[in-house]
Amino acid sequence: MSVLILSSENKELENQIAQKIAERLGYTTLDQQFYNEIAKKYTLDSKKLMDAMIITPSFLKRMPSKQWYYYLSCVEVEVLARLLEDNCVCWGLAAHLYVVVISHVLKVRLIGGHSLMSPGQVNMNEDKIKKIIAEQERSRENWSMTAYNRKEADPGLYDMVINLDQVQPDEAVDTLSTTMGYPRLKAMTYSKNNLADRALAARVKNVLLKSLTDIQVDAQNGTVVVTTASVKREKSKKIDTIKKIAAQVEGIGYLEVHWNKDMLTEAAMSYR
Amino acid sequence: MSIITISRGSSSMGKAVAEKVAAKLECDIFSRDLLFKTSGRFHVPQKTLEKAIHDAPGIFERYSHTKKVYLTYIRAILTEMVAGGNIVYYGLAGHLLLDKLPHVLKVRITANLDGRVKRKMTEGFSEKKARDMILADDDQRKKWSRKIYDADPNDCSLYDLTVCIDKLSVENAVDCICRCASRKAFESTSDCVRQSKDLSLAWNAKVLLVESFPDVGITCEYGNLLIYATEKEAHTTKFKKILDDIKKENYDIYNLEVHTGLPVPANAV
């Protein structure tokens, strides 16, 4: 009754290990194929959705910030909804960045193992491989910082980090399969409620991001707190809009809107 | 026959984990004993050795090589202790001091700051004092690792396994580590024992050279000791005298060669 989230720079090994664990434990899998389902549900371009999970917002790449945040939010909503079902191995969907402090979710980072790369990559010289890896890491860090203000490689984000330079993939599968059986990782009412709150916050954020920007949403025991910023004269208009839109979401016990003054826009307007 | 190093921040339950791992695998366990033994053999106060292995080099130390000398002493003793196998070391910088031995299981125990502060407070410190002490200690460790080894202690690639003690209990962490130690990669084969002995020989030879010739590199394979020095260093009487001492003191050395003018290999100590 638990969830395993894997993260790795080495996609091939990550895929291989995740599949084996799911098979051994009889868990369902949630991987990048899920993007097609999400794209279909929200009538999005699936290629663009996948791009949004790799690139940061950029005018040149035709990915405006508003659209980018909305795409990310769609993924978050659907992944969290699936994780509520338990017994799942999830990878390749950046879930380690938005599923935090849930006791029945084990987050594992797999590092190294570059010597176990596919034959095409092995033919490259070591310096080139190192350069490619460093470049990938830099770009992922940039993405994760822009999207969730968290460094993907930060060990504090994970419950376990396994270095595949010494540990073989099959040994990692053994270790993780055993770890998933520890009583500490069993789903409890409290941890399930926490995950349900996260899912609720993600749903509220998703409907708000369709038309608004600068939105943060948090939820606890069904109480949803939306934090936003705008110029003072738009305060009541923005709060009303948020309340009206958020009311469409099922499961909200109580809705609170916290408003902050957008100092920069305010200053720019007063100068005019 | 496992060799395990357990690295941790202060108040991260690393000691409890190390003790239980050692008990479960029936291994010897040591931490401060390393400094005690080093101090005894080389007649250097334990406090000085502890400073060398804990604190980052000060402004003046960066230009002298006292830290390098003390670290060489410590590594000579550590590699000697490890050569016997079946050991859990949970003292400072084990993962860096034994970085040349691939069959050593290097583990890092992490814990969130709030939990660490709470544990520190049980020793009678106020919350602010406990937090400050932990942060200062982490900062010092980071500086030390950066200055001496150009590495960040939080870099997971330095370890084979990193476990967060807040999510898994001490018992779970112990179980995980013991399972990992039983894997093939960490088995102490006859080749691994030979590598450990060679490394111990190299460090013991370095002990004699480091004070006068801190930049020489030494490799050892199957008891064949290769010393990489500059032409100038190799022709001094002092150098020749030390080589004679090395031969006399280390009966396990099969052959000793001095290579001059060659670049020091990456695996040299």
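As the structure is a computational prediction, the values presented were derived from the model and not from experiment.

(A) Here's a closer look at the overall build of chain A. What chain A contains, in helices and strands, is 11 helices and eight strands. In terms of C-alpha radius of gyration, chain A reaches 20 Å, essentially the compact-globule figure of 19 Å for 272 residues. Structurally, chain A occupies a C-alpha span of about 60 × 45 × 35 Å along its principal axes. Looking at the 272 residues of chain A, the share that counts as buried comes to 35%. Pairs at least 24 residues apart make up 69% of the contacts formed inside chain A by residues separated by at least 6 positions.

(B) Main features of the overall build of chain B. Helix and strand counts for chain B come out as 11 helices and eight strands. Taking 2.2 N^0.38 as the reference for a compact globule, 269 residues should give roughly 18 Å; the C-alpha atoms of chain B span a radius of gyration of 20 Å, in line with that estimate. Once the C-alpha set of chain B is aligned to its principal axes, its extents read approximately 60 × 45 × 30 Å. Going through the 269 residues of chain B one by one, you find that 38% of them count as buried.

(C) Expanded view of the interface of chain B and chain A. Contacts between the two partners involve 20 residues from chain B and, on the opposite side, 19 residues from chain A. Contributions of two or more residues to the side of chain B that touches chain A are made by β5 (161-164) and α8 (170-181) of chain B. Broken down by class, the residue content of the side of chain B that touches chain A amounts to 10 nonpolar, six polar and four charged. Inspection of the sheet shows strand β5 (residues 160-163) of chain A paired to β5 of chain B by three bridges, in the antiparallel sense. Bridged to M160 of chain A within β5 of chain B is V163 of chain B.

(D) Spotlight on the packing of helix α2 (residues 33-42) of chain B against helix α4 (residues 66-83) of chain B. Residue and element names in this part refer to chain B. At their nearest, the axes of α2 and α4 sit 9 Å apart, and the two run at 115° to each other. Considering the angle they form, α2 stands roughly perpendicular to α4. Between α2 and α4 the crossing geometry is right-handed. Two secondary-structure elements touch here, α2 through L34, K37, T38, R41 and F42 and α4 through Y73, I74, I77 and L78. Looking at side-chain class alone, the contact of α2 with α4 contains six nonpolar, one polar and two charged residues.

(E) Spotlight on the domain arrangement of chain B. Residue and element names in this part refer to chain B. Each assigned domain of chain B is listed with its residue range as follows: domain 1 (3-186) and domain 2 (197-260). If you average the C-alpha positions of domain 1 and of domain 2, the two centres end up 29 Å apart. Each side of the interface is counted separately: domain 1 has 12 residues, and domain 2 has 10 residues. Looking at the side of domain 1 that touches domain 2 residue by residue, the class counts come to five nonpolar, three polar and four charged.

(F) Representation of the nonpolar core within the structure. Core analysis: the largest hydrophobic core is formed by 129 residues, its most contacted members being L4 and C90 of chain A together with I74, V88, V163 and I177 of chain B. With 11 residues, helix α4 (residues 65-83) of chain A is the single largest residue contributor to this core. Beyond its immediate stretch of four places on either side in the chain, I177 of chain B contacts I4, V21, V107 and L161 of chain B.

(G) Spatial organisation of unusual backbone geometry. Even without being a glycine, A94 of chain A presents a positive backbone phi close to 60°. Take A94 of chain A: it is sitting in the loop between β3 (88-91) and α5 (95-98). Despite not being glycine, Y222 of chain B has its phi angle at roughly 50°, a positive value. Tracing the backbone shows Y222 of chain B in the loop between β6 (217-221) and β7 (224-229).

(H) Structural view of the environment of S126 of chain B. All names here are of chain B. When you line up the elements, S126 lands in the loop between α6 (113-121) and α7 (127-149). Given 10 C-beta atoms within a 10 Å radius, S126 is considered exposed. For the pair S126 and L92, spaced 34 residues apart in sequence, the C-alpha separation works out to 26 Å.

(I) Here's a closer look at the packing of helix α3 (residues 46-54) of chain B against α4 of chain B. Residue and element names in this part refer to chain B. As a packed pair, α3 and α4 sit with axes 9 Å apart at the nearest point and diverge in direction by 100°. One element, α3, and the other, α4, form an angle in the roughly perpendicular class. Here T48, L49, A52 and I53 of α3 come into contact with α4, specifically with K67, Y70, L71 and I74.

(J) Highlighting the sheet that holds strand β6 (residues 215-220) of chain A. All names here are of chain A. Pairing in this open sheet of three strands is mixed, and the strands run β6-β7-β8 from one edge to the other. Strands at the two margins of the open sheet, each flanked by one partner only, are β6 and β8 (254-261). On average, each strand axis in the sheet is tilted by 20° relative to the strand beside it, whichever way the strands run. The strands touched by helix α9 (residues 189-209) are β6 and β7 (223-230); relative to β6, the strand with the most contacts, the crossing angle is about 150°.

Thresholds applied
- Just so you know, the residues in each chain are numbered from 1, in the order the chain's sequence is written.
- Lettering for chains starts from A, numbering for ligands starts from 1, and both go in the order in which the items are written.
- Given that the model is predicted, a residue must reach a pLDDT of at least 70 before its local features are reported, and side-chain atom pairs must reach 80 or more before they are shown or counted; all residues, however, enter totals for whole chains, interfaces and linings.
- Helix and strand definitions here come from DSSP, where helices need a minimum of 4 consecutive H or I residues and strands a minimum of 2 consecutive E residues; each element is numbered from the N-terminal end.
- Using C-alpha atoms as the atom set, the radius of gyration is obtained and then compared with a globule rule of 2.2 Å times the number of residues to the power 0.38.
- Residue burial is a threshold on neighbouring C-beta atoms within 10 Å of the residue's own C-beta, all placed from the backbone, with 20 or more meaning buried, 12 or fewer meaning exposed, and counts in between meaning partly exposed.
- Working definition of a contact: two residues with C-beta atoms, positioned from the backbone, lying within 7 Å.
- Gly is placed with the polar residues, together with every amino acid not listed as nonpolar (Ala, Val, Leu, Ile, Met, Phe, Trp, Tyr, Cys and Pro) or charged (Asp, Glu, Lys and Arg).
- We treat two strands as partners when DSSP finds at least two bridges between them.
- Axis definition: a line fit to C-alpha positions, over the contact stretch in the case of helices; interaxial angles, taken between N-to-C directions, run 0 to 180 degrees.
- Roughly parallel means an angle under 35 degrees; roughly antiparallel, over 145; roughly perpendicular, 65 to 115; everything else is oblique.
- If you view the pair so one helix is near and one far, a crossing is left-handed when the near helix is turned anticlockwise from the far one by less than a right angle, and right-handed when it is turned clockwise.
- Each domain's extent is set by a domain assignment, obtained either automatically or from a database.
- Structurally, a nonpolar core is described as a collection of buried Ala, Val, Leu, Ile, Met, Phe, Trp, Tyr and Cys residues joined by way of C-beta atoms within 7 Å.

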